[in-house]
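Summary of the model geometry
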Amino acid sequence: MQPREESLYPGDWLRIAEKDLERVKRMLAIHDPEVAGFFLQQAVEKFLKAFLLSRGWELRRIPDLDALLDDAVAYTPSLEKFRPVCQKVTAFYFVERYPFIVEAGPTEEDVRVSLEQVSELIERLRHALRRP
């Protein structure tokens with residue numbers, strides 16, 4: 001099987017970001033905070049990449065929201081205030097994807113609070129993507 005080329009179209013990234021955001025809510029509803037946290041990281045990553053691609057950014061394969069936020073802040077400095085929650089949500093990705101000696105994943109409360117905190121960032125990115 002040939003490797004697939006990733007889309008450079010912001011709308012494609014936005015569509016998957018919205019899907020991942022819905023997955024967060026479904027996983028919280030069935031009390032699976034580890035997977036909910038993973039999908040929260042995935043959603044924020046894709047929202048940021050959609051925004052960045054809409055600004056002419058060259059796509060990079062990185063899951064680190066802190067690094068993506070660095071690039072986004074270059075276009076919109078006011079996004080800097082979301083750094084602490086982006087750092088926290090990035091940790092959800094690594095907890096779900098890599099084995100650790102001590103299993104200490106996020107709680108439902110951790111994910112719910114983080115979801116609430118990133119909701120303003122998501123809305124701002126959605127708004128920026130709607131503007132020409």
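Residues numbered from 1 in each chain as written. Predicted model: local features only at pLDDT ≥ 70, side-chain atom pairs only at ≥ 80, totals over all residues. Heavy atoms only, no water.

1. Focus on the overall build of the protein
Rules: Numbering of helices and strands starts at the N terminus; helices are DSSP runs of H or I of at least 4 residues and strands are runs of E of at least 2. Only protein chains enter the accessibility calculation, which uses a 1.4 Å probe. A residue is then buried if its area is under 20% of the maximum for its type, exposed if over 50%, and partly exposed in between. Contacts: residue pairs with any heavy atoms within 4.5 Å of one another. The accessible surface values rely on the Shrake-Rupley method and a 1.4 Å probe; as for residues, cover is taken only from the protein chains in view.
Of the regular secondary structure elements, the protein holds 5 helices and 0 strands. A total of 132 residues make up the protein; the buried ones form 42% of that total. For the protein, long-range pairs separated by at least 24 residues make up 62% of all intrachain contacts whose partners lie at least 6 apart in sequence. When the accessible area of the protein is evaluated, it comes to approximately 7800 Å², of which 54% is carbon and sulfur surface.

2. Concerning helix H1 (residues 10-29)
Let me state the cut-off plainly: Under the convention used throughout, the expected extent of a helix is 1.5 Å for every residue step, that is, one less than its residue count.
In this model, H1 (20 residues) spans 29 Å end to end at C-alpha, consistent with the 28 Å of a helix rising 1.5 Å per residue. Looking at the buried positions of H1, the neighbouring elements they touch are helix H2 (33-54) and helix H5 (108-130).

3. Focus: the packing of aromatic side chains
Each aromatic ring pair is described using two quantities: the centre-to-centre distance and the angle formed by the ring planes. As a reminder, the rule being used: Aromatic rings from Phe, Tyr and Trp, taking only the six-membered ring of Trp, are treated as a pair when their centres fall within 6.5 Å; an angle between ring planes under 30 degrees marks them as stacked, one over 60 as edge-to-face, and anything in between as tilted.
Here the structure, examined in full by the defined rule, presents 3 aromatic pairs. Between the aromatic rings of Phe38 and Tyr93, the centroid separation amounts to 5.8 Å while the plane-to-plane angle is 20°, which identifies the pairing as stacked. On the criterion of sequence distance, the pair formed by Phe38 in helix H2 and Tyr93 in helix H4 (residues 83-97) is long-range, its members being 55 residues apart. Classification of Phe38 by relative accessible area gives buried; the value is 13%. Note on Tyr93: relative accessible area 13%, which makes it buried.

4. Examining the environment of Arg15
Checked against the element boundaries, Arg15 lands in helix H1. Between the C-alpha atoms of Arg15 and Phe47, which are 32 residues apart in sequence, the distance is 9.1 Å.

5. Here we look at the confidence of the model for the protein
As a reminder of what qualifies: As a per-residue measure, pLDDT reflects the predictor's confidence and takes values from 0 up to 100.
Overall, the predicted model of the protein reaches an average pLDDT of 90, with 89% of residues at or above 70. In the model of the protein, H4 stands out as the element of lowest mean pLDDT, 85, in contrast to H1, which has the highest, 97.

6. Considering the nonpolar core
Threshold: We define the nonpolar core as a collection of buried residues of types Ala, Val, Leu, Ile, Met, Phe, Trp, Tyr and Cys that are connected through side-chain atoms lying within 4.5 Å of one another.
Counting residues in hydrophobic clusters, the biggest one holds 42 residues, and the most contacted among them are Val24, Leu40, Val44, Leu48 and Leu79. Looking at this core, the elements with two or more residues in it are H1, H2, helix H3 (65-75), H4 and H5. Leu40 has contacts with Leu21, Val24, Val89, Phe92, Val111, Ser114, Leu115 and Val118, leaving out every residue within four places of it along the chain.

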